[in-house]
Amino acid sequence: MPRAREELEQAAAEAEAWLDSLDPATAPAEDPADLRRLGVALRTVAEQRGELEDAVAAARAHGRSWAEIGLVLGVSSHAVRERFGGTA
């Protein structure tokens, strides 16, 4: 599964395009609602990942330490700095 926000957004867009391209006349008559739901969930994950990155950047801009941010996220200060250090 893709990890970066851009990769998640791209995967969701590709899945949506593929589902839109299915022709009921030639494709099996199955309801693709479950697959569309996966695509929606993937897009939501991408959006929320962006929100998390923005929230971490805002916390850092307000002087919060990596340890404080890590405490809220349930990870070590090292882990949060490693994950968000380049984006914050």
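Our subject is the structure listed above.
What comes next is a walk through the structure. As the structure is a prediction and not an experimental result, all values here were calculated from the model.

1. Side note on the packing of helix H2 (residues 33–61) against helix H3 (residues 66–73)
Two quantities define a packed helix pair, namely the angle between the axes and the distance from one axis to the other.
Next up, step 1: Contact geometry for H2 and H3: axes closest at 10 Å, N-to-C directions at 145 degrees. In the packing of H2 onto H3, the handedness of the crossing is right-handed. Contacts between H2 and H3 involve Leu52, Val56, Ala59 and Arg60 on the former and, on the latter, Trp66, Ile69 and Leu73.

2. Looking at the packing of H3 against helix H4 (residues 77–84)
Next up, step 1: In contact at an axis separation of 8 Å, H3 and H4 are set at 95 degrees when each is read in the N-to-C sense. Classified by the angle their axes make, H3 and H4 are roughly perpendicular. Across from Trp66, Ala67, Ile69, Gly70 and Leu73 in H3, the residues of H4 making contact are Ser77, Val80, Arg81 and Phe84.
Next up, step 2: Considering only residue class, the contact of H3 with H4 consists of 6 nonpolar, 2 polar and 1 charged.

3. Quick look at H2
Next up, step 1: Taking 1.5 Å of rise per residue, the 29 residues of H2 would be expected to cover 42 Å, and the 42 Å separating its terminal C-alpha atoms lies within 8% of that figure.
Next up, step 2: Among the residues of H2, Gly39, Leu42, Ala46, Gly50, Glu53 and Val56 are the ones counted as buried.
Next up, step 3: As for H2, its buried residues are in contact with helix H1 (5–21), H3 and H4.

Parameters at a glance
Every chain's residues receive numbers from 1 upward, in the order its sequence appears when written. Note on the predicted model: pLDDT of at least 70 is required for a residue's local features to be given, and 80 or more for side-chain atom pairs to be given and counted; whole-chain, interface and lining totals, by contrast, use all residues. Remark: hydrogens and water are excluded; side-chain values derive from all non-hydrogen atoms of the structure. For helices, the axis comes from a line fit to the C-alpha atoms of the stretch in contact; other axes are also lines fit to C-alpha atoms, and the angle between any two N-to-C directions lies between 0 and 180 degrees. Think of it this way: any DSSP run of H or I at least four residues long counts as a helix, any run of E at least two long counts as a strand, and we number them from the N terminus. Left-handed describes a crossing whose near helix is turned anticlockwise from the far helix through less than a right angle; right-handed describes the clockwise counterpart. Contacts were defined at the residue level, with two residues in contact if any of their heavy atoms lie within 4.5 Å. For classification, angles of less than 35 degrees are called roughly parallel, those exceeding 145 degrees roughly antiparallel, those between 65 and 115 degrees roughly perpendicular, and all remaining angles oblique. In this classification, Asp, Glu, Lys and Arg are treated as charged, Ala, Val, Leu, Ile, Met, Phe, Trp, Tyr, Cys and Pro as nonpolar, and every other residue, Gly included, as polar. Multiplying 1.5 Å by the residue count of a helix minus one yields the expected span of that helix. Buried, partly exposed and exposed residues are distinguished by accessible area as a fraction of the type maximum, computed with a 1.4 Å probe on protein chains only: under 20%, between the cut-offs, and over 50%, respectively.

Read these as geometric descriptors, not functional statements.
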